[in-house]
Number of protein chains: 2
Amino acid sequence: MPKIVAIVSGGMDSVTMAHQLKEQGHDLHLLSVDYGQRHRKEHRFAAAAAERLGAVHQVADLSAMGALLRGSSLTDPTVDVPEQTWTGYGESPNIVPNRNALLLSVAFAVAVAEKAQAVAIGIMADDTVSVPDSTPAFLESFIAMERIATAGYAHPDLDLLAPLSGLGKKDVVTLGERLGVPWTETWTCLRGQDDHCARCAACWERQEAFTAAGVQDPTIYQEHQS
Amino acid sequence: MPKIVAIVSGGMDSVTMAHQLKEQGHDLHLLSVDYGQRHRKEHRFAAAAAERLGAVHQVADLSAMGALLRGSSLTDPTVDVPEQTWTGYGESPNIVPNRNALLLSVAFAVAVAEKAQAVAIGIMADDTVSVPDSTPAFLESFIAMERIATAGYAHPDLDLLAPLSGLGKKDVVTLGERLGVPWTETWTCLRGQDDHCARCAACWERQEAFTAAGVQDPTIYQEHQS
């Protein structure tokens with residue numbers, strides 16, 4: 001089976017993807033990218049996944065990018081992570097613009113060095129609603145660009161996989177349950193504290209997904225003062 | 001005039017580009033990227049250019065990428081920078097595959113944060129011979145991808161400029177002379193030692209360009225034992 005560089009943050013989507021790729025028999029190379037996010041503790045869960053799956057795990061330290069990515073709650077210490085609220089397209093402070101383009105550029109550079117045939121990213125259907133660099137049009141455009149950028153250096157059949165792109169968060173929980181993903185070994189919370197906060201947008205989605213899938217949520221959430 | 005994030009390494013091409021953009025009256029934001037290259041001392045010359053031109057200068061520290069970019073003489077300490085020799089397409093150890101895609105992804109993330117209208121890169125015509133991510137097809141593909149990736153976040157007229165793309169190295173020297181570029185305040189050598197080595201592929205091109213342009217080369221080159 002071809003070698004795949006899989007971008008695994010340590011969140012429930014990317015960890016489920018890694019388990020799925022392993023089940024399919026791929027030669028897995030897990031890559032986490034530290035872009036200065038508050039919740040970089042997620043990488044410890046990516047490392048745990050790699051150990052379970054017998055895969056290599058690398059962390060690309062781009063943490064200095066955080067200081068350049070001003071205006072996002074994930075990377076700018078002057079912007080708080082908001083309590084979950086609905087925000088329209090282009091309005092969420094939790095978006096890091098161009099993040100997926102950056103992560104994928106790093107991953108394709110690694111794919112060339114590792115002579116991998118593909119890069120995989122754990123984007124799922126719900127991400128496309130508010131994140132422009134998660135849409136199918138973006139992914140198609142990105143692989144077209146990379147085939148030009150790495151011609152003569154990369155694997156001749158270079159590809160970009162987004163195996164969860166047809167799934168909602170609920171479906172990811174269902175898939176992960178089947179694959180035996182230990183959910184407490186995944187990290188979602190944007191605040192990156194000791195326990196999941198239960199109130200940021202990412203924690204909200206996590207809780208909703210378990211409920212919708214009918215799977216008991218084993219996550220430890222912080223207790224909040226009322 | 002629009003704000004431009006210009007990728008300036010400190011080499012003669014990118015520094016000449018910065019002078020040209022300044023002459024055109026742009027609001028300049030210079031960005032250097034440390035991707036773990038041996039010759040990262042070039043950034044000190046990018047900083048000098050920024051000071052001369054009254055521009056902001058940032059260095060994005062991606063130096064940890066060097067350890068992931070195995071196989072290139074620029075980033076892999078186990079691969080020596082060769083003496084200048086002709087190598088065919090896809091064969092030069094001095095290529096860092098996907099480097100321009102990586103640099104541009106960083107620059108576009110910065111462009112969004114800085115509300116800049118464009119990113120500029122100092123690719124010139126000679127680069128397209130052996131570096132796939134320097135070709136016009138690559139640049140067209142990249143900006144198409146970025147317009148999708150940053151939609152709703154970036155400047156609505158987001159663009160990618162490569163103002164030297166029609167010029168050979170000789171033409172860059174001619175242009176830089178007219179613009180008053182202080183050549184000793186630029187760095188080319190891939191070995192990154194005290195003085196230019198005069199023998200790596202980049203030094204070779206530098207010397208040839210001055211000769212072809214009929215401009216005296218003020219560079220201090222190392223003396224070699226015969």
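Residues numbered from 1 in each chain as written. Chains lettered and ligands numbered in written order. Predicted model: local features only at pLDDT ≥ 70, side-chain atom pairs only at ≥ 80, totals over all residues. Heavy atoms only, no water.

1. Some thoughts on the pairing of strand β2 (residues 27-34) of chain B
Residue and element names in this part refer to chain B. Burial analysis of β2 places 7 of its 8 residues in the buried class, the great majority of the element. Pairing of strand β1 (residues 3-7) with β2 involves 5 bridges; the strand directions are parallel. For Val5, the partnering residue across the bridge sits in β2 and is His29. Viewed along the sheet, the connection from β1 through helix α1 (residues 12-23) into β2 turns out right-handed. Inspection of the sheet shows β2 paired to strand β3 (residues 56-61) by 6 bridges, in the parallel sense. By the bridge assignment for β3, Val33 is matched with Ala60. After leaving β2, the chain enters helix α2 (residues 42-53) and then returns to the sheet as β3, a path that is right-handed. (Buried < 20%, exposed > 50% of the residue type's maximum accessible area, 1.4 Å probe, protein only. Helix = DSSP H or I, 4+ residues; strand = E, 2+ residues; numbered from the N terminus. Pairing = 2+ DSSP bridges. Right-handed = clockwise from strand over helix to strand, strands pointing away.)

2. Points about the packing of helix α3 (residues 99-113) of chain B against helix α4 (residues 136-149) of chain B
All names here are of chain B. The contact between α3 and α4 brings their axes to 12 Å, and the two run at 35°. As α3 packs across α4, the resulting crossing turns out to be right-handed. Between α3 and α4, the residues in contact are Asn100, Ala101, Leu104, Ser105 and Phe108 and Phe138, Leu139, Phe142, Ile143 and Glu146, respectively. (Axes fitted to C-alpha atoms, helices over the stretch in contact; angles between N-to-C directions. Left-handed = near helix turned anticlockwise from the far one by under 90°. Contact = heavy atoms within 4.5 Å.)

3. Some details on the relation of the copies chain B and chain A
Turning chain B through 180° and shifting it by 0.0 Å along the axis lays it on chain A, with an RMSD of 0.0 Å. Such a turn and shift between the copies fits a two-fold axis. When each C-alpha of chain B is compared by its distance to the rotation axis, Leu62 of chain B comes out closest, at 2.6 Å. Most of the interface of chain B is mirrored in chain A, where 100% of its interface residues again form contacts. (Least-squares fit on C-alpha atoms with pLDDT ≥ 70 in both.)

4. Some details on helix α6 (residues 201-213) of chain A
All names here are of chain A. With 13 residues, α6 ought to run about 18 Å at 1.5 Å a step, and its terminal C-alpha atoms sit 18 Å apart, in line with that. Among the residues of α6, those classed as buried are Ala201, Ala202, Cys203, Arg206, Ala209, Phe210 and Ala213. Next to the buried residues of α6 lie α1 (12-23) and α5 (169-179). At the exit of α6 stands Gly214, carrying a positive phi of roughly 70°. (Expected span 1.5 Å × (residues − 1).)

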